[in-house]
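Analysis of the macromolecular model
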Amino acid sequence: MVATPRRAAVSEGPTLHKQITMMSQRGGSHPAPVQQRGKLGTYKGVLVPTCENMWGVIIFLRFYKIVGYSGLGYALLIASLSFMVALLTALSLSAIATCGTSQGLAGVYPMLARALGKEMATAVGLVYFLGIVFLAVLEVLGACEELEMVQHSLFEFTTHINAVRAWASAFMLALALLVAGGIRLISQLGLVFFAVVLLTMLSFYLSLFGAPNLEPIDAPANATGPAPTGLSTANLRANWGPSFAPGYEFTDCLAIFFPCFTGILSGANRASSLRDPASAIPRGTLGAITLSFCVYVSFLILWAAVGERDYLTMEHGQLDELIYPSVKAAQIGIVLSSLGQALQCVVVAPRLLVSIAADGMLRPMRSLARLTGGEPKLALAATYLVGAMCVLIGSLNAVAPLLSMCFLTCYSMMNLNCCLLGLLKDPHWRPRFRYFHWAVGLVGFVLCTSIMFVIDWRYALGAWLLTLLVLALVVRTNAQTDWGSALVGLRFQLAMRSLTGIDIKAHLDENWRTPPSSPLGCPPSYARHPHSAATRRPQLLLLYQLREEESHGSRRGSSAAAGWGEAEPPAEPSSSSLGDLVRADVGHTHERMFSVAAQLRHGSGLVIAAAVVPGASADSLRAVALAEAERARMDSLMGRMGVRGFCKTILARTLLEGKLGAIQWAGRREPSRNLLGTF
């Protein structure tokens, strides 16, 4: 009766030895992923969605102008620089996706938070959120621009800029309401919009190869402007050099083109739908970037070869005598594909905002994490408000630099963090992607930052200041985090190298020696010459006993809830802010010790505070809770009084044992007279 289940259990799967063997062959700590029904592979899950988010309105409305003004040579340089940024960032993303701590996570932000730390992920995530909103605005403005080409009378009810703002605002509202209706309808419409994009691109290829022989059926009959001459090497030679103009300088063309590589994180957003994210995300993302680069280069070359420079740099009308079989159909396709791209952005942005808010790193954002019927309605409303304000810019060319700055900042932060994590050998940073090295992240960071300042140094400074401000606010909250980050790793490595580089014996001899003339360890000359180079400020050890009455006595005010004993009366009023802080925290028996330490240290040096709890055992839950409460109280007092140092509570059987333990914990060589405390 017992043997049969055992044999059945063994036959159901591989043995432990086989599992360990398979894990070691895969080079990771996780068993091979189970093939689940309904999960997507590399092609449908990553490559197609990434291409869908990268192929936007810029291809249809700005490629010919980029070639016409910058020339084919500079256009290929712009495409290559943007491709290198996307490629290096994709390598960093692949390292994040294959890091052991990122397994089983859904979305870009959870991966960033687990691999880079929540502090850095919050800053990067908010910049990424702004980039997605700007991308939606860019696509909406592009749709408005092409809609005006379809039916100019729709924009005659007011001035041109106000008409564009009105139509863009209407489109943003319609997209937000459509997303609020549910995700199922959006997923079905996404396939339709992508099919429209593919058909429109196919029409462009067919028209460029067939010009001028393939004439559209609805071409204007009385066109008088320049027309496409057809593919020729003469056009390639004539259009190789630049012909920059105001609004289309090299930096402007770079800012306009770069949004073509802003959808590279789309595959990671669908990690929960993938059979093997660690394999699909690197392959699909790199494949989509390479395929898109080939598509972009082919379009740039074809535009340079199909017509003269006067044709390429016209204000509008390049498509009127080119697109086959129908100009109107192609223009409507451009409008629909642009709105489809914007719709995908409006779907992704609220969910990203919910993920950021749910971590609670920024308190004002916590309410945005609330879901209504399983949908992020509040986050969607916030996304719409930001987008509605941004569409009032009213110009695609004006939005493109802002969009580029957001994504370049996001990419540079990702590359920098991956570089630091790899360089510092952080214990939790263990990517299994074989083609990543910390130098890749460094080159990616330098390239992204350089392009930012090349485009516009004012926008670049603003983007970095915004990112650093968000990071400072996140760090200031002191929120609890479960995973490390590059900042923590950097601080740890600096601390380790500083400690290992100190001559401990000489340091202790110099800093712990106390002249016999001062009962508190402060020589008389210190009062006269506190900043003298010959005077060493002694390191202080504050040592005191947590008495029984402190843990059981009743107190007034805030100390009553904590159960602290009677304290000494408040100090007499003083003009110093330190005294005010002491009196504000009256209720702690030894808060004046911290005041003395702060004054004695003159605001610098190291103070170590230790509270001894005699007669307590580490096995006692009450004693442990009491010790933790006292440690939190000491930490709060030291922070508010500006005392720099460390604090700890020590549970000991006897007071003497606690004293010796505190001295050993503090790193003292031997007891001396500069111990402050009451026993």
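Since this is a predicted model, take the numbers as computed values, not measurements.

The rules behind the values
- Residues numbered from 1 in each chain as written.
- Predicted model: local features only at pLDDT ≥ 70, side-chain atom pairs only at ≥ 80, totals over all residues.
- Heavy atoms only, no water.
- Helix = DSSP H or I, 4+ residues; strand = E, 2+ residues; numbered from the N terminus.
- Buried < 20%, exposed > 50% of the residue type's maximum accessible area, 1.4 Å probe, protein only.
- Contact = heavy atoms within 4.5 Å.
- Areas by Shrake-Rupley, 256 points an atom, 1.4 Å probe, with all protein chains shown as cover.
- 1 Å grid on protein atoms, 1.4 Å probe; cavity = no way out; pocket = protein on both sides within 12 Å on 5 of 7 lines; lining within 4 Å.
- Points joined across faces, edges and corners; volume = space filled by probe spheres on them.
- Axes fitted to C-alpha atoms, helices over the stretch in contact; angles between N-to-C directions.
- Parallel < 35°, antiparallel > 145°, perpendicular 65-115°, else oblique.
- Left-handed = near helix turned anticlockwise from the far one by under 90°.
- Nonpolar A, V, L, I, M, F, W, Y, C, P; charged D, E, K, R; others polar.
- Phe/Tyr/Trp six-rings, centres within 6.5 Å; stacked < 30°, edge-to-face > 60°.
- Pairing = 2+ DSSP bridges.
- Core = buried A, V, L, I, M, F, W, Y, C linked by side-chain atoms within 4.5 Å.
- Disulfide = S-S within 2.5 Å.
- pLDDT = per-residue confidence, 0-100.
- Expected span 1.5 Å × (residues − 1).
- Bend = angle between axes of the 7 residues up to and from the residue.
- Salt bridge = Lys/Arg side-chain N within 4 Å of Asp/Glu carboxyl O.

Structural notes on the overall build of the protein
Per the secondary structure count, the protein includes 28 helices and four strands. Counting only residues that meet the buried cut, the protein has 50% of its 679 residues in that class. Once local pairs closer than 6 in sequence are excluded, the contacts in the protein between residues at least 24 apart make up 79%. When the accessible surface of the protein is totalled, it reaches about 31800 Å², and 61% of it is carbon and sulfur.

Focus on empty space enclosed by the protein
Tallying each qualifying case throughout the model produces six cavities of 30 Å³ or more. In this structure, the largest cavity spans a volume of roughly 100 Å³. Forming the walls of the largest cavity are 13 residues, and the residues nearest its centre are Asn53, Tyr128, Ile132, Ser266 and Val348.

Some remarks on the packing of helix H15 (residues 327-358) against helix H16 (residues 377-390)
It is at 8 Å that the axes of H15 and H16 come closest, and there the two elements cross at 120°. Here H16 runs oblique to H15, going by the angle between their axes. For the pair H15 and H16, the sense of crossing is right-handed. Along the contact surface, H15 presents Val346, Ala349, Pro350, Leu353 and Val354, while H16 presents Ala379, Leu380, Ala382 and Thr383. For the contact of H15 with H16, the per-class residue count stands at eight nonpolar, one polar and no charged.

Here we look at the packing of aromatic side chains
Applying the stated criterion across every chain yields a total of 23 aromatic pairs. When the ring of Phe204 is compared with that of Trp303, the centres are 6.5 Å apart and the planes differ by 70°; the resulting orientation is edge-to-face. Of this pair, Phe204 sits in helix H9 (residues 183-210) while Trp303 sits in helix H13 (residues 277-306), and the two are 99 residues apart along the sequence. Residue class for Phe204 comes out buried when judged on its relative accessible area of 1%.

Re the pairing of strand S1 (residues 540-545)
Summarising burial for S1: six of the six residues are buried, a large majority. In the sheet, S1 pairs with strand S2 (residues 607-614) via six bridges, with the strands oriented parallel. Paired with Gln545 across the bridge in S2 is Val612.

Some words on the layout of surface pockets
When its volume is computed, the second largest pocket comes out at roughly 630 Å³. Along its surface, the second largest pocket is lined by 30 residues, and Glu145, Glu148, Met149, Glu315 and His316 are the ones closest to its centre. For the lining of the second largest pocket, the secondary-structure elements that each account for two or more residues are helix H5 (63-97), helix H7 (118-150), helix H8 (160-180), H15 and helix H17 (396-424). Its residues placed into classes, the lining of the second largest pocket shows twelve nonpolar, nine polar and nine charged.

A few points about the pairing of S2
Looking along a regular strand, one sees the side chains alternate between the two faces of the sheet. Burial runs high along S2: seven of the eight residues are buried. Looking at chain direction, S2 and strand S3 (residues 645-652) are connected through eight bridges and run parallel. Pairing of Pro614 across the sheet is with Ala652, part of S3.

Thoughts on the nonpolar core
One finds Trp55, Phe63, Phe257, Tyr296 and Trp303 to be the most contacted residues of the largest nonpolar core, which totals 162 residues. No other element matches the 20 residues that H7 contributes to this core. Ignoring anything within four residues of it in the chain, the contact list for Phe257 reads Phe63, Ile66, Ile78, Ala79, Ser82, Tyr296 and Leu300.

Some thoughts on the state of the cysteines
Applying the stated criterion to the full structure yields zero disulfides. You can see Cys390 has no disulfide; the closest cysteine sulfur is in Cys406, sitting 8.6 Å from it. As a non-bridged cysteine, Cys448 has Cys410 as the owner of its nearest cysteine sulfur, 9.4 Å distant.

What about the environment of Leu231?
Within the fold, Leu231 resides in the loop between H9 and helix H10 (233-238). Residues Leu231 and Pro212, spaced 19 residues apart in sequence, show a C-alpha to C-alpha distance of 8.8 Å.

Overview of the confidence of the model for the protein
The predicted model of the protein averages 77 in pLDDT, with 73% of residues at 70 or higher. For residues 1-35, every residue scores under 50 in pLDDT, and the model assigns this stretch 17 contacts once sequence neighbours within four places are set aside. Confidence drops under pLDDT 50 across residues 511-538; counting only partners more than four residues distant or on other chains, this segment forms 44 contacts.

Details of H16
The end-to-end C-alpha distance of H16, which contains 14 residues, comes to 20 Å, matching closely the 20 Å that a straight helix rising 1.5 Å per residue would cover. Taken together, the buried positions of H16 are occupied by Ala379, Leu380, Ala382, Thr383, Gly387, Ala388 and Cys390. On the buried face of H16, the contacting elements are H7, H8 and H15.

Remarks on H5
End to end, H5 covers just 33 Å across 35 residues, shorter than the expected 51 Å (1.5 Å per residue, more than 12% under). The largest bend in H5 is about 115°, located at Gly71. With respect to burial, H5 is a largely interior element, 28 of its 35 residues being buried.

Some details on the pattern of salt bridges
Per the counting criterion, the structure on display carries five salt bridges. The partner of Arg62 in a salt bridge is Glu145, with the nearest N and O atoms 2.9 Å apart. Here Arg62 is found in the loop between helix H4 (57-61) and H5, whereas its partner Glu145 is found in helix H7, with 83 residues between them in sequence. Arg458 is the partner of Asp456 in a salt bridge, and the nearest nitrogen-oxygen pair spans 3.4 Å. Looking at Arg458, the relative accessible area reads 55%, which means it is exposed.

A few points about the side chain of Ser338
Structurally, Ser338 is set in helix H15. Not counting residues up to four positions away in its chain, the partners in contact with Ser338 are Val57, Glu139 and Ala143.

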